[in-house]
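# Remarks on the overall topology
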2 protein chains.
Amino acid sequence: MKVIRAVAQLRDIVHTEKKNGQTIGFVPTMGFLHEGHITLAKQARKENDVVIMSIFVNPLQFGPNEDYERYPRDPEHDTELAKSCGVDYLFMPSVDDMYPDEPAVVLTVKKRTNALCGLKREGHFDGVATVVLKLFHMTEPDKAYFGKKDAQQLAVIYGLVDSLNVSVTIVGVDTVREKDGLAKSSRNVYLLPEEREKAPAIYNALSHAREALEAGEINVERLREQAIDYLRDHSGAEVEYVEILSYPELEPVRKVERMIIIAAAVQYKNARLIDNVILTMEGGASCFEQ
Amino acid sequence: MKVIRAVAQLRDIVHTEKKNGQTIGFVPTMGFLHEGHITLAKQARKENDVVIMSIFVNPLQFGPNEDYERYPRDPEHDTELAKSCGVDYLFMPSVDDMYPDEPAVVLTVKKRTNALCGLKREGHFDGVATVVLKLFHMTEPDKAYFGKKDAQQLAVIYGLVDSLNVSVTIVGVDTVREKDGLAKSSRNVYLLPEEREKAPAIYNALSHAREALEAGEINVERLREQAIDYLRDHSGAEVEYVEILSYPELEPVRKVERMIIIAAAVQYKNARLIDNVILTMEGGASCFEQ
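What you see is a predicted model; the values in this text were computed from it and never measured.

Take the side chain of Thr139(A) next. Residues and elements named next belong to chain A. Note on placement: threonine 139 falls in helix α6 (residues 124-139). Take threonine 139: its relative accessible area is 0%, and that puts it in the buried class. A distance of 2.7 Å separates the side chain of threonine 139 from the backbone oxygen of leucine 135, its partner in a polar contact. Residue contacts for threonine 139: discarding those within four places in its chain leaves Leu10, Val14, Ile24, Phe26 and Ile52.

Structure below.
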């Protein structure tokens, strides 16, 4: 595995690999790798000739009061992990190389942001879209891998690729969970021991709502309230939201059909955690509107 | 030459050509081709294995009071001309295929628009950047060709490519002129006969200013005023602006060094015309500030 720090060097390598007819799988990350990332890399390894992983904590997607400075970082351990799961090129650029100047062109995400984390994290998805598009241009991937845990991010990326005709296949990969159901996240390290114990309640709340929907419940507002109550009683966190929406549009569910996301965000003392389940419904019972 | 109307078909062709190791030269146009476009195509023909030309009158870059509806169109003649200058693929998409939905992600140009045409044509360069990036994604060119006549557009494209790390070489091609100096433009057909006769005054005014700069004049504000006076006296048009700026930054000239653009826009009865000269100065005399 080769570690690359300069954008120009990456471009040269990508150019050569493409010229040689190699397919490229790309796994963008912010590092502090865990099993979720490794699952992405392993799937990329299976499906492509060359695997590029990027590690870049993108300042553009953090708000002024968010955790950019203290976002966890461990480049040495990351390098070992990336190597062990078959990454060919690990791209770890500097902020200066990614953003040498005030950008002349910025991206604004107009859809799928007026819900879930988009409501609280103003500009977050603009920053995500910008860095992802830059990274796509640098790596020219055939396929790019994103975790479904960041379901709104994935929905925004689908929108980005469609709107701008980016020539890449987006692969959404299932969330990897701890044995007790807690979604793997780089931010889990910030949970206090008693918080960690209660955190599986997030996935439990989502699972209960899913089961009810699958069993024929059509009152999505009642399900939402039940999930919020459950989280208040069991998670030990402040509940930011629970939403049940169409996916990937992230609009109110009027009929239980096609893809539906049940998503939650909660705030622990030092960590804001998100999780979701996405389900595909047959049939089409009308819902009580939210 | 193959005429292509569907985005999906273009993508297939580009995919195949790239796979076969062919280099792609791309010439984006709005059609109603004239010698300026042909010069772009011929240069692309010389420098690439495959030449793609697009003809698309992009509604996104026209303001509500601009000439989108009556922008001149002649697809049959364009097809003949494109064929004659060695274009391999002529891409003529529909508006619905280019913009099937309200876009989820939009581009905003933050630099180089606060001058020249950008002041009067709000949102114009956002529309240009969006369509050009979409077309780049569809055609995946090694080189893309733009006329220097639309100098601000070219400056914005340089900014777009730099900011978003687009993997393409932008080639700026010299303005093609009529024998009397008038820059070739699709909009010239809308000049009344007496306007056409006076229109070479635009290039004359710019040339006089260039000569004065090259002869050592450093008072750019005086040159600007002289050019405006000349245009008022000789062009038979309403003068929208004359500006002397750094290029491609489009900022006030403080020293006569590096690249400088002298640009003008005038309004005839049925046609707004622009023109410019770009010069590279040695030395570095301080200028009277504008």
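We are not done yet, so read on.
Let us now look at the interface of chain A and chain B. Counting residues at the interface gives 26 residues for chain A and 26 residues for chain B. Both faces combined, the contact of chain A with chain B buries some 2500 Å², and carbon together with sulfur accounts for 55% of it. If you sort the residues of chain A by the area they bury against chain B, Ala104(A), Val105(A) and Asn165(A) come out on top, with a joint share of 25%. Taken together, chain A and chain B are joined by 24 residue pairs in polar contact (both at pLDDT 80 or more). Mapped onto the side of chain A that touches chain B, the elements with two or more residues apiece are α1 (7-19), β5 (105-109), α6 and α7 (151-163) of chain A. Looking at the side of chain A that touches chain B residue by residue, the class counts come to twelve nonpolar, seven polar and seven charged. With five bridges connecting them, β5(A) and strand β5 (residues 105-109) of chain B associate as antiparallel partners. Looking across to β5(B), one finds that Val109(A) is bridged to Val105(B).

With that settled, the discussion passes to the pattern of salt bridges. Oppositely charged side chains may form a pair once their charged atoms are brought near each other. Residues and elements named next belong to chain A. Taken as a whole, this structure holds 32 salt bridges over all chains when the rule is applied. The salt bridge involving arginine 177 is made with aspartate 275; its shortest N-O contact spans 2.8 Å. Taken as a pair, arginine 177 in the loop between β7 (169-173) and α8 (193-198) and aspartate 275 in strand β10 (residues 272-286) lie far apart in primary sequence, 98 residues in all. In this structure, the salt-bridge partner of glutamate 221 is arginine 224, at a minimum N-O distance of 3.0 Å. With glutamate 221 and arginine 224 both in helix α10 (residues 220-234), this residue pair falls three residues apart, about one helical turn. Exposure class is identical for glutamate 221 and arginine 224. Each is buried. One salt-bridge network, held together by shared partners, links Glu35, Glu178 and Lys184.

Frequently, the measure chosen for interface size is the accessible area removed from exposure when the parts meet. Residues and elements named next belong to chain A. Domain parsing of chain A yields domain 1 (2-173) and domain 2 (186-280). A separation of 26 Å is found between the C-alpha centroids of domain 1 and domain 2. Between domain 1 and domain 2, the contact holds 23 residues from the first and 19 residues from the second. Around 1800 Å² of area is buried between domain 1 and domain 2 when both sides are counted, 59% of it from carbon and sulfur atoms. In this structure, aspartate 67 and arginine 187 form a salt bridge, with 2.9 Å as the shortest nitrogen-oxygen distance. Looking at which element gives the most residues to the side of domain 1 that touches domain 2, the answer is α7, with five residues. Residue classes in the side of domain 1 that touches domain 2 are distributed as eleven nonpolar, four polar and eight charged.

With that out of the way, let us pick up the sheet that holds strand β6 (residues 143-147) of chain B. Hydrogen bonding along the main chain pairs the strands of a sheet, whether they run parallel or antiparallel. Residues and elements named next belong to chain B. Here we have six strands laid out as an open sheet, ordered β1-β4-β3-β2-β6-β7, and parallel in their pairing. Lying at the two open borders of the sheet, with one neighbouring strand each, are β1 (2-4) and β7 (169-173). Averaged over all pairs of adjacent strands, the angle between their axes in this sheet comes to 25°, without regard to strand direction. Looking at chain direction, β1 and strand β4 (residues 89-91) are connected through three bridges and run parallel. Counterpart to lysine 2 in the pairing with β4 is tyrosine 89. Strands β1, β2 (24-29), β3 (50-55) and β4 of the sheet are contacted by helix α1 (residues 7-19), whose axis makes an angle of about 130° with β1. Of the strands in this sheet, β2, β3, β6 and β7 are in contact with helix α2 (residues 35-47), which crosses β6 at around 160°.

Between the two copies of the chain lies a rotation about an axis combined with a shift along it. You can overlay chain A on chain B at an RMSD of 0.0 Å; the transform is a turn of 180° with a shift of 0.0 Å along its axis. Seen this way, the second copy is the image of the first under a two-fold rotation axis. Relative to the rotation axis, the closest C-alpha in chain A is found at Leu107(A), a distance of 2.4 Å. The overlap is high: 100% of the interface residues of chain A also sit at the interface in chain B, so the same surface is used on both sides.

Our focus in this paragraph is the environment of Ala8(A). All names here are of chain A. For alanine 8, the location among the structural elements is in helix α1. Judged by relative accessible area, alanine 8 falls into the exposed class, the value being 52%. Each C-alpha atom, one on alanine 8 and one on aspartate 97, is 9.2 Å from the other, the two residues being 89 residues apart in sequence.

Residue and element names in this part refer to chain A. For alanine 205, the location among the structural elements is in helix α9 (residues 201-214). Accessibility expressed as a relative area gives 3% for alanine 205, which makes it buried. A C-alpha to C-alpha distance of 9.6 Å links alanine 205 and isoleucine 262, two positions 57 residues apart in sequence. Beyond its immediate sequence surroundings of up to four residues, alanine 205 is in contact with Ala227, Tyr230 and Leu231.

One finds Phe136(A) and Phe136(B) to be the most contacted residues of the largest nonpolar core, which totals 102 residues. Grouped together as the second largest cluster of nonpolar side chains are 31 residues, Val239(A), Val253(A), Tyr268(A) and Met281(A) included.

On to the packing of aromatic side chains. A complete count under the given rule lists ten aromatic pairs over all chains for this structure. A centroid spacing of 6.3 Å and a plane angle of 80° characterise the contact between Phe136(B) and Phe146(B), whose relative ring orientation is edge-to-face. Note that Phe136(B) is positioned in helix α6 (residues 124-139) and Phe146(B) in strand β6, a separation of ten residues in sequence. Each of the two residues, Phe136(B) as well as Phe146(B), counts as buried. Site record: aromatic cluster; members linked through ring pairs are Phe26(A), Phe136(A) and Phe146(A). Positioned above the aromatic ring of Tyr190(A) is the side chain of Arg70(A), whose terminal nitrogen or guanidinium carbon lies 4.9 Å from the ring centre.

Cut-offs and rules
- Residues numbered from 1 in each chain as written.
- Chains lettered and ligands numbered in written order.
- Predicted model: local features only at pLDDT ≥ 70, side-chain atom pairs only at ≥ 80, totals over all residues.
- Heavy atoms only, no water.
- Helix = DSSP H or I, 4+ residues; strand = E, 2+ residues; numbered from the N terminus.
- Buried < 20%, exposed > 50% of the residue type's maximum accessible area, 1.4 Å probe, protein only.
- Polar contact = N/O pair within 3.5 Å; in protein donor to acceptor, adjacent residues only side chain to side chain.
- Contact = heavy atoms within 4.5 Å.
- Buried area = accessible area lost by both parts, 1.4 Å probe.
- Nonpolar A, V, L, I, M, F, W, Y, C, P; charged D, E, K, R; others polar.
- Pairing = 2+ DSSP bridges.
- Salt bridge = Lys/Arg side-chain N within 4 Å of Asp/Glu carboxyl O.
- Domains from an automatic or database assignment.
- Axes fitted to C-alpha atoms, helices over the stretch in contact; angles between N-to-C directions.
- Least-squares fit on C-alpha atoms with pLDDT ≥ 70 in both.
- Core = buried A, V, L, I, M, F, W, Y, C linked by side-chain atoms within 4.5 Å.
- Phe/Tyr/Trp six-rings, centres within 6.5 Å; stacked < 30°, edge-to-face > 60°.
- Lys NZ or Arg CZ within 6 Å of the ring centre and 35° of its normal.

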